[in-house]
Amino acid sequence: MRDSKLILPDPKRRRLITGLGALGASAALTGCDSLSRNDRVQDLLGATDRLTRAAQRLVSSRESLAREFGERDIAPTMRANGSTDPSNDDYKRHAANGFADWRLRIDGLVRQPGDFSIDDLKAMPSRTQITRHDCVEGWSCIAKWTGAVLGEVLDRVRPTSAARYVVFHCADNIYGGPVKYYESIDMVEAYHPQTLLAYGLNDDRLPIANGAPLRLRAERQLGYKMAKYVMRIELVDSFASIQGGNGGYWEDRGYEWWAGI
Amino acid sequence: MNKHNDNPYANPPERARVIKRHGLFTRVWHWVNLVCLVILLMSGLQIFNAHPALYWGNDSSFDDPALQITAMRGDDGAPMGVVRIGGYRINTTGVLGLSRNDGELDTRAFPAWATLPGPQWLAMGRYWHFAAAWVFAPLLLAYLVYTLISPARRRLVWPTAAQWRGLPATIAHHARLKFDHSADYNGLQKLTYLLVLFGLLPLMVLTGLTMSPTMNAAWPWLLDVFGGRQSARTLHFIFAFLLVAFFVIHLGLVLISGVFNNLRSMITGRYRLGDDAPADKDNRHA
């Protein structure tokens, strides 16, 4: 379970304030808990998210690959986190008939929006990789994933030059709340060769607990980026108007948009 | 070498025996580091609490952690805090696994008083951790490069031939809690600082980076050096507590070897030499 209880303010208000050293000085003056709830401090702390992103983009090339492992490294079970069995009627109906009528909708800033069945996706260039899933909580789990290479799928719908982010809209209302899970990655991560729309896990169909019928694998990011139960992919130039405006379910609850560390 | 003798010129008046021991860069670095390391430790414990178990290797063998801090029911049915290391179980009720927070019993690995922020709040713990790391790591790099390229600073931390030979004597001296107050660090001090500055602190940064999936793609050698992401996480935890041990010893020695003089030297730079200390200008600190 995740423990986030409090929410950071609107990121548009976060500004890059220079002089990170002031942070330590103010920490010594008052209790750190009240500091953690202070807007200016949250702005300052939030600025490091973009700093980390810029620095990590600087040292990693577009093609630098996540480590791939051997068959014997695969964990006995791939730990399922977050939603493991979406309870809404629409999803249950799809699950009941084996996702035969399920279609992935891709729209937004694309020239050829489309709907794709699992068989359509399986017919596209695919990749199988044994990779490590890293949860923001600290644990890791190795599994074998098979899926359509997202970059190839995107080439079919032809993103416009205005497209900057790929948003994944999901079927699960996590923890039974009214809000549905969603996530976003940028075009660099979307066109990374290991970024997959995965429909297979450990040489089998992707189980419901791990996101059937389709989940994202973005191997250079933390687990919360890798949306499960993907129903729709939307290309946007900004995610400010989607749900809480921070680019993801956990981002709206205070976690960093850049999940590379 | 300097010898203590009765020559009046070798024993200058009181004022001259106060030297400038620490340069501005060292002093600022020292105190900024203290703030950073406290924030890094406490926010690190907050992050650890999100999954209070350690493993060895690439991934997490959930059934067989190397270390786990948890809460469970004791034989009498009462809740208790437990630390499990391998096959051993230690009752840590009140501190680890189960502790009081505002009078309420809370099941959490490290208690609220030790974490930043106090309540379970992983997202905010991460923000504090990475913000402090962004101050700490570049300053550490600057300090280490400065120390390597400056001959004067190299002399500060590298023991002289005489100090290497005198190490056993220095250790015996320290064991009897006798301290010199000379301009130069003694051999034992230098070795300790070398180990912390060029060993523990860079290892903290590197094991931290090894936990980043993007860094694993950028610098895959990190995984080979530390034996996988979960090994790196375990080492990060161990090194952090070695730093805590250094901090405790460092603080203890500062307190018993002349707390006012020591503190003044790290605030204003000025340090009063002991009566029998050599006043060799060459040994002065930059």
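Residues numbered from 1 in each chain as written. Chains lettered and ligands numbered in written order. Predicted model: local features only at pLDDT ≥ 70, side-chain atom pairs only at ≥ 80, totals over all residues. Heavy atoms only, no water.

With that out of the way, let us pick up the overall build of chain A. For chain A, the helix and strand inventory stands at seven helices and ten strands. Per-residue burial for chain A yields a buried fraction of 57% across its 261 residues. For chain A, the share of sequence-separated contacts (at least 6 apart) that also reach a separation of at least 24 residues comes to 71%. On chain A, roughly 10900 Å² of surface is accessible, and the fraction owed to carbon and sulfur atoms is 51%. (Helix = DSSP H or I, 4+ residues; strand = E, 2+ residues; numbered from the N terminus. Buried < 20%, exposed > 50% of the residue type's maximum accessible area, 1.4 Å probe, protein only. Contact = heavy atoms within 4.5 Å. Areas by Shrake-Rupley, 256 points an atom, 1.4 Å probe, with all protein chains shown as cover.)

Two aromatic rings are characterised by how far apart their centres lie and by the angle between their planes. With the rule as written, the count across this model stands at 23 aromatic pairs over all chains. Ring centres of Tyr193(B) and Phe246(B) lie 6.5 Å apart, and the angle between their planes is 75°; this geometry places the pair in the edge-to-face category. Highlighted residues: Tyr193(B) in helix α6 (residues 187–210) and Phe246(B) in helix α9 (residues 229–256), separated in sequence by 53 residues. With relative accessibility at 18%, the residue Tyr193(B) sits in the buried group. Cation over ring: Arg79(A) sits above Trp139(A), and NZ or CZ is 5.3 Å from the ring centre. (Phe/Tyr/Trp six-rings, centres within 6.5 Å; stacked < 30°, edge-to-face > 60°. Lys NZ or Arg CZ within 6 Å of the ring centre and 35° of its normal.)

Next up on the list: the UniProt feature "transmembrane region" (unreviewed entry) in chain B. The sites that UniProt annotates as "transmembrane region" (unreviewed entry) are residues 28–48, 127–149, 191–215 and 235–260 of chain B. Segment residues 127–149 of chain B splits into 100% helix and 0% strand. End C-alpha atoms: 34 Å apart. (UniProt positions renumbered as here; feature names shortened; annotations may be inferred.)

Another point: the sheet that holds strand β5 (residues 88–91) of chain B. Residue and element names in this part refer to chain B. With antiparallel pairing, four strands are arranged side by side in an open sheet as β2-β3-β4-β5. Unpaired on one side and paired on the other, β2 (53–54) and β5 mark the two borders of the sheet. Bridging between β2 and strand β3 (residues 67–73) involves two bridges; their strand directions are antiparallel. Each residue of the ladder has a partner; that of Ala-53, found in β3, is Gln-68. (Pairing = 2+ DSSP bridges.)

Turning to the pattern of salt bridges, a few remarks are in order. Oppositely charged side chains can pair when the atoms bearing their charge come close. Enumeration according to the criterion identifies 20 salt bridges over all chains in this entry. Residue Arg67(A) pairs with Asp224(B) through a salt bridge whose shortest N-O separation is 2.8 Å. With Arg67(A) in the loop between α3 (39–59) and α4 (89–96) and Asp224(B) in helix α8 (residues 221–226), the pair connects residues from two separate chains. On the accessibility criterion, Arg67(A) (27% relative accessible area) is partly exposed. (Salt bridge = Lys/Arg side-chain N within 4 Å of Asp/Glu carboxyl O.)

The next point concerns the interface of chain B and chain A. In this assembly, 39 residues from chain B lie in contact with 57 residues from chain A. For the pair chain B and chain A, the summed buried area comes to about 4200 Å², and 63% of that belongs to carbon and sulfur atoms. Per-residue buried area on chain B facing chain A is highest for Trp121(B), Tyr127(B) and Trp134(B); these three make up 18% of the total on that side. At the junction of chain B and chain A, the tally comes to three salt bridges. Run the count over chain B and chain A and you get 18 residue pairs in polar contact (both at pLDDT 80 or more). (Buried area = accessible area lost by both parts, 1.4 Å probe. Polar contact = N/O pair within 3.5 Å; in protein donor to acceptor, adjacent residues only side chain to side chain.)

This part covers the pairing of strand β3 (residues 126–134) of chain A. Residue and element names in this part refer to chain A. In this structure, β3 lies alongside strand β4 (residues 140–149), joined through nine bridges in antiparallel fashion. Considered in β4, the bridge of Thr-128 is made with Thr-146. If you look at the hairpin formed by β3 and β4, you'll find five residues sitting between the two strands, and Gly-138 has a positive phi there, around 125°.

All right, on to the pairing of β5(B) then. The side chains of a regular strand alternate, first on one face of the sheet and then on the other. All names here are of chain B. Where strand β4 (residues 79–85) meets β5, four bridges bridge the pair, whose relative direction is antiparallel. Bridge assignment links Ile-85 to a residue of β5, and that residue is Tyr-88. Between the end of β4 and the start of β5, which pair antiparallel, lie two residues, with Gly-86 showing a positive phi angle near 55°.

Attention now goes to the confidence of the model for chain A. Taken residue by residue, chain A gives an average pLDDT of 88. The fraction at 70 or more is 88%. Overall, residues 1–30 of chain A carries pLDDT values under 50, and its contacts beyond four positions in sequence, including any with other chains, amount to 64 contacts. (pLDDT = per-residue confidence, 0-100.)

On to the environment of Pro113(A). All names here are of chain A. Note on placement: Pro-113 falls in the loop between β1 (104–108) and β2 (114–116). Of the residues examined, Pro-113 reaches a relative accessible area of 43% and is grouped as partly exposed. Expressed as a C-alpha distance, the spacing of Pro-113 and Glu-234, which sit 121 residues apart in the sequence, is 9.4 Å. When residues no more than four places from it in sequence are discounted, the contact partners of Pro-113 are Arg-105, Ile-106 and Asp-107.

Attention shifts here to the nonpolar core. Leu104(A), Leu121(A), Leu150(A), Val166(A), Phe168(A), Ile233(A) and Leu235(A) are the most contacted members of the largest nonpolar core, which totals 96 residues. When residues in this core are grouped by element, the largest group, twelve residues, is from helix α2 (residues 122–149) of chain B. Counting eleven residues, the second-largest nonpolar core is a separate cluster that includes Leu67(B), Ile69(B), Phe110(B) and Phe237(B). (Core = buried A, V, L, I, M, F, W, Y, C linked by side-chain atoms within 4.5 Å.)

Moving on: the side chain of Ser140(A). Within the element layout of this structure, Ser140(A) appears in strand β4. A relative accessible area of 0% means that Ser140(A) is categorised as buried. Within the structure, the side chain of Ser140(A) is placed 2.9 Å from the side chain of Arg229(B), a separation counted as a polar contact. Among the polar contacts made by the side chain of Ser140(A), one reaches the side chain of Gln230(B) at a distance of 2.7 Å. With residues up to four places along the chain from it excluded, the contact list for Ser140(A) reads Arg132(A), His133(A), Asp134(A), Asn58(B), Asp59(B), Ser60(B), Phe62(B), Arg229(B) and Gln230(B).

Right, let's talk about α6(B) for a bit. Quick reminder: α-helices carry 3.6 residues per turn. Residues three or four places apart thus point the same way. Residue and element names in this part refer to chain B. Between the first and last C-alpha of α6 there are 33 Å, a value that for 24 residues agrees with the 34 Å anticipated at 1.5 Å per step. Maximal helix bending in α6 amounts to about 30°, located at Val-196. One side-chain oxygen of the residue at the start of α6 lies 3.0 Å from the amide nitrogen of Leu-188, identifying that residue as Asn-186. (Expected span 1.5 Å × (residues − 1). Bend = angle between axes of the 7 residues up to and from the residue.)

Looking now at the sheet that holds strand β6 (residues 182–186) of chain A. All names here are of chain A. The strand order across the open sheet built from five strands is β2-β1-β10-β5-β6, with neighbouring strands paired in mixed fashion. Each edge of the sheet is formed by a strand with only one pairing partner; in this case those strands are β2 and β6. For this sheet, the mean inter-axis angle between neighbouring strands, taken without regard to orientation, is 20°. Here five bridges tie strand β5 (residues 165–170) to β6, and the two strands are oriented antiparallel to one another. From the neighbouring strand, Val-167 faces β6, where its bridge partner is Ser-184. (Axes fitted to C-alpha atoms, helices over the stretch in contact; angles between N-to-C directions.)

Turning next to the side chain of Asn88(A). Residues and elements named next belong to chain A. Considering the arrangement of structural elements, one finds Asn-88 in the loop between α3 and α4. By relative accessible area, which is 14% here, Asn-88 ends up buried. If we skip the residues at most four places from it in the chain, Asn-88 touches Ala-171, Asp-172, Asn-173 and Lys-180.

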